[in-house]
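Given next are the chains, with one letter for each unit.
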Amino acid sequence: MRLKTNMIAAVSALALLGVATTASANVLVLGESSSYTLSVTDPAAGIGAGPYGTISIFELSANSLRITVDLNDPAFKFHDGNDPHPALAFNLAGSPAITYSFIDPVGGLVDQAVDGKFVNGGATTAPPFGSFTYSLDFNSAAPPPKKGNGPPATPFAGPLVFSITSLGGLDISSFTPNLVGGQNIYFTSDLTDANGNTGNVGALYNVPENPGGGPVPEPATWAFMIMGFGGIGAMMRRRRSALVTA
């Protein structure tokens, strides 16, 4: 009777753990990541077929995310111009105030001789992908003349790595898309190709592979499940031993 009670308790604990894991699927878990593929092109751009690169998001803390933009070098580089040519643009739920910290290139500075630099571009519009609350521009520090955008910045193919921080909290689900042509565009980047053609490209979310269709258990969850099943196995072995002795 005691064995049966213990087994029921163990199974119940595992069931509760599974429920808790499912319920917390949208809660911040440090070290979680998500990825997107730059694969949707502006039909008017003429920069060739994608995919053009990938964007990876990694949770550094409850308030900070690391973003890596890895272009398919050497064919594609960040557009070396001012607004409205964002190197990267995106939206965040609730539009919180954020700060940027550049990891690669260090300080956002590509080349001191020409001073190509990534800077906060603020809100922007990136046809045909709509308006975005946040953007980074890749600019030359030299002031532009009355006509044109001034001298070009040093070409940069990346990877572009930076972090964003908000005191109100951020996680990998904070990014919100623009619905364009029936597709959810989470990021856009203005790129150039090997022939000098330029255009905005959009990024789609990469759905994690999970043949079972449900939430993928986290490593800690697997550990607890193994411990639970191990405990059940030990109780069953003791039960068999007691029967043999009797």
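Throughout, a residue's number is its position along its own chain's written sequence, starting from 1. Predicted model: local features are reported for residues with pLDDT of at least 70 only, side-chain atom pairs are reported and counted for 80 or more only, and whole-chain, interface and lining totals are derived from all residues. Side-chain calculation: all heavy atoms of the structure are included, whereas hydrogens and water are not.

(A) Layout of the nonpolar core. Nonpolar core, defined: a set of buried Ala, Val, Leu, Ile, Met, Phe, Trp, Tyr and Cys residues in which side-chain atoms within 4.5 Å join the residues together. Any residue under 20% of the maximum accessible area for its type is buried, any over 50% is exposed, and the rest in between are partly exposed; the area is computed with a 1.4 Å probe on protein chains only. By size, the foremost hydrophobic cluster in this structure holds 36 residues, and its most contacted members are Ile55, Phe78, Phe90, Ile164, Phe175 and Phe187. Each helix is a run of H or I in the DSSP string that is no shorter than four residues. Each strand is a run of E no shorter than two, and both are numbered from the N terminus. Ranked by residue count, the leading element in this core is strand S3 (residues 64-71), at 4 residues. By definition in these notes, contact holds between two residues if any of their heavy atoms fall within 4.5 Å. Those residues in contact with phenylalanine 175, other than ones at most four positions away along the chain, are Tyr36, Ile57, Leu65, Ile67, Phe90, Asn91, Leu92, Ile164, Tyr186 and Phe187. Residues Val40, Ala89, Phe132 and Ile185 belong to the second largest nonpolar core, which totals 6 residues.

(B) Layout of the packing of aromatic side chains. For this analysis, a ring pair means two rings from Phe, Tyr or Trp (six-membered ring only for Trp) whose centres lie within 6.5 Å, classed as stacked if their planes differ by under 30 degrees, edge-to-face if by over 60, and tilted for the remaining angles. A complete count under the given rule lists 17 aromatic pairs for this structure. Relative to phenylalanine 187, the ring of tyrosine 36 has its centre 5.0 Å away and its plane inclined at 70°; by these criteria the two rings are edge-to-face. Residue tyrosine 36 is found in strand S1 (residues 33-41), and its partner phenylalanine 187 is found in strand S15 (residues 187-192); the two are separated by 151 residues along the sequence. Here tyrosine 36 and phenylalanine 187 have matching classes, each one buried. Measuring from ring centre to ring centre gives 5.4 Å for phenylalanine 90 and tyrosine 134, while their planes differ by 15°; the resulting arrangement is stacked. Taken together, the residues span a long stretch of sequence, with phenylalanine 90 in strand S5 (residues 86-90) and tyrosine 134 in strand S11 (residues 134-140) at a distance of 44 residues. Among the residues examined, phenylalanine 90 registers a relative accessible area of 0% and is labelled buried.

(C) View of unusual backbone geometry. Residue proline 128 follows proline 127 across a cis peptide bond; omega there is 0°. With respect to the secondary-structure elements, proline 128 resides in the loop between strand S9 (124-125) and strand S10 (131-132). Following glycine 158, the chain continues to proline 159 via a peptide bond in cis, the omega torsion being 5°. Tracing the chain through its elements places proline 159 in the loop between S11 and strand S12 (160-165). At serine 95, a position not held by glycine, the phi torsion is positive, near 45°.

(D) Main features of the pairing of S1. The criterion for strand pairing is that DSSP finds at least two bridges linking the strands in question. With 6 bridges joining them, S1 and strand S2 (residues 53-59) adopt antiparallel strand pairing. Each residue of the ladder has a partner; that of tyrosine 36, found in S2, is isoleucine 55. Across 5 bridges, the pairing between S1 and strand S16 (residues 198-205) is antiparallel. Along S16, the bridge assignment pairs valine 40 with glycine 202.

Keep in mind these numbers describe shape, not what the thing actually does.
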